[in-house]
Amino acid sequence: MKIAVFVSGNGSNLQAIIDASSKGEISSQISLVVSNKKDAYALERAQKAEIETFVIDPKEYSSRQEYDTKIIEKLKDKNIEFIVLAGYMLLFSEVMIQAYPDKIINVHPALLPAFKGTHAIKDAIDAKVKETGVTIHFVDEKLDNGPIILQETLAIQTTDTLDTLEEKIHAIEHTLYPKAIKLIENNKVIINERRVELLS
Ligand code: GRF
């Protein structure tokens, strides 16, 4: 499967996917890394792995539809079959969702539908919940909303700080994301009325 990974920042999940691919744990080929930020550290990771990058600034487009249409042109040009969001901070317009129906996944640092949004780890600490975790889900037009593929829970200790919890969450993300990609590559993931079934 030819995939594009979308990033906006550090790119530790991109790195985990690059590493899983080079170890042969997944068979997908990362053919493109797309970023809305030209200074994202993720771009350096991509360049180091000799993956083509595509930086595109939304401020240069009059609408998000127009912006996504430009990205789709590039994706089609590269024969991209599947999109993996790894810390991409923009919401897709319906143009992208329609171009790649059920072919876009995201990683979220909480147990959705709890703690949607950009501060999920801090929000879980502030809410004083006993457990949080990581969700891998399909992407639709709404924020952190599509069918859930995999979730892994993590107990929050009273001694946890934002830093320690972030570290634990990221460690889970880095194994769970390649696992989800592998399931999809192997046609083990079926969506049935918004519910994901995993075939054995
Ligand atoms: C991760 O915590 C992910 O769950 C969230 O954004 C963060 C991206 O981190 N969607 P990185 O850029 O992959 O290091």
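Computed from a predicted model, the values in this text were never measured in an experiment. (Residues numbered from 1 in each chain as written. Predicted model: local features only at pLDDT ≥ 70, side-chain atom pairs only at ≥ 80, totals over all residues. Heavy atoms only, no water.)

Close to the ligand lie Asn-10, Gly-11, Ser-12, Asn-13, Gly-87, Val-107, His-108, Pro-109, His-170 and Glu-173, which account for all nearby residues. One of the side-chain N or O atoms of Asn-13 is found 2.9 Å from an oxygen atom in the ligand. Take Glu-173: an N or O atom from its side chain is 2.4 Å from an oxygen atom of the ligand. In this structure, the ligand is accommodated by the largest pocket. Residues that form the shell around the ligand fall into these classes: 2 nonpolar, 7 polar and 1 charged. (Near = heavy atom within 4 Å. Polar contact = N/O pair within 3.5 Å; in protein donor to acceptor, adjacent residues only side chain to side chain. 1 Å grid on protein atoms, 1.4 Å probe; cavity = no way out; pocket = protein on both sides within 12 Å on 5 of 7 lines; lining within 4 Å. Sits in = over half its atoms within 2 Å of the grid points. Nonpolar A, V, L, I, M, F, W, Y, C, P; charged D, E, K, R; others polar.)

The subject of this paragraph is the packing of helix 1 (residues 12–22) against helix 6 (residues 162–185). Orientation of helix 1 relative to helix 6, taken along the N-to-C sense of each, is 55 degrees, at an axis distance of 9 Å. As judged from the angle between their axes, helix 1 and helix 6 are oblique. Crossing of helix 1 against helix 6: the hand is right-handed. Between helix 1, through Ser-12, Asn-13, Ala-16, Ile-17 and Ala-20, and helix 6, the contact on the second element is made entirely by Glu-173, His-174, Tyr-177, Pro-178 and Ile-181. Split into classes, the residues belonging to the contact of helix 1 with helix 6 amount to 6 nonpolar, 3 polar and 1 charged. (Axes fitted to C-alpha atoms, helices over the stretch in contact; angles between N-to-C directions. Helix = DSSP H or I, 4+ residues; strand = E, 2+ residues; numbered from the N terminus. Parallel < 35°, antiparallel > 145°, perpendicular 65-115°, else oblique. Left-handed = near helix turned anticlockwise from the far one by under 90°. Contact = heavy atoms within 4.5 Å.)

Within the secondary structure, Tyr-61 is located in the loop between strand 3 (53–55) and helix 3 (64–77). Residues Tyr-61 and Gly-117 lie 56 residues apart in sequence; the distance between their C-alpha atoms is 24 Å. Among all residues touching Tyr-61, those that are not within four sequence positions of it are Ile-56, Glu-66, Tyr-67 and Lys-70.

Let's shift gears to the layout of surface pockets. Counted as a void, the largest pocket has a volume near 830 Å³. Taken together, 34 residues line the largest pocket, and the ones lying closest to its centre are Gly-87, Tyr-88, Met-89, Val-107 and Pro-109. Within the residue set of the lining of the largest pocket, elements represented by two or more residues are helix 1, strand 5 (104–108), helix 5 (120–126) and helix 6. A per-element tally of the lining of the largest pocket places helix 6 first, with 4 residues. When the residues that make up the lining of the largest pocket are grouped by side-chain class, the tally is 14 nonpolar, 14 polar and 6 charged. (Points joined across faces, edges and corners; volume = space filled by probe spheres on them.)

Across the junction of Leu-112 and Pro-113, the peptide omega takes the value 10 degrees, indicating a cis bond. You can see Pro-113 is positioned in the loop between strand 5 and helix 5. Positive phi, normally seen in glycine, also occurs at Glu-50, with a value near 60 degrees. As for its placement among the helices and strands, Glu-50 is situated in the loop between helix 2 (41–48) and strand 3.

Moving on, we come to the nonpolar core. Ranked by size, the top nonpolar core spans 40 residues in total, and within it Ile-105 and Ile-136 carry the most contacts. Once residues within four sequence positions are removed from consideration, Ile-136 is found in contact with Ile-105, Asn-106, Val-107, Ile-148, Ile-149, Leu-150, Leu-176, Tyr-177 and Ala-180. Among the nonpolar cores identified, the runner-up in size contains 21 residues, and Ala-4, Leu-75, Phe-92 and Ile-97 belong to it. (Core = buried A, V, L, I, M, F, W, Y, C linked by side-chain atoms within 4.5 Å. Buried < 20%, exposed > 50% of the residue type's maximum accessible area, 1.4 Å probe, protein only.)

Before going further, it helps to examine the packing of helix 1 against helix 2. Where helix 1 meets helix 2, the closest approach of the two axes is 9 Å, and the angle between their N-to-C directions is 15 degrees. In terms of their interaxial angle, helix 1 and helix 2 are classed as roughly parallel. Seen along the crossing, helix 1 lies across helix 2 with a hand that is right-handed. Taken together, the residues of helix 2 that come into contact with helix 1 (itself represented by Ser-12, Leu-14, Gln-15 and Ile-18) are Ala-42, Arg-45 and Ala-46. Classifying every residue of the contact of helix 1 with helix 2 by side-chain character gives 4 nonpolar, 2 polar and 1 charged.

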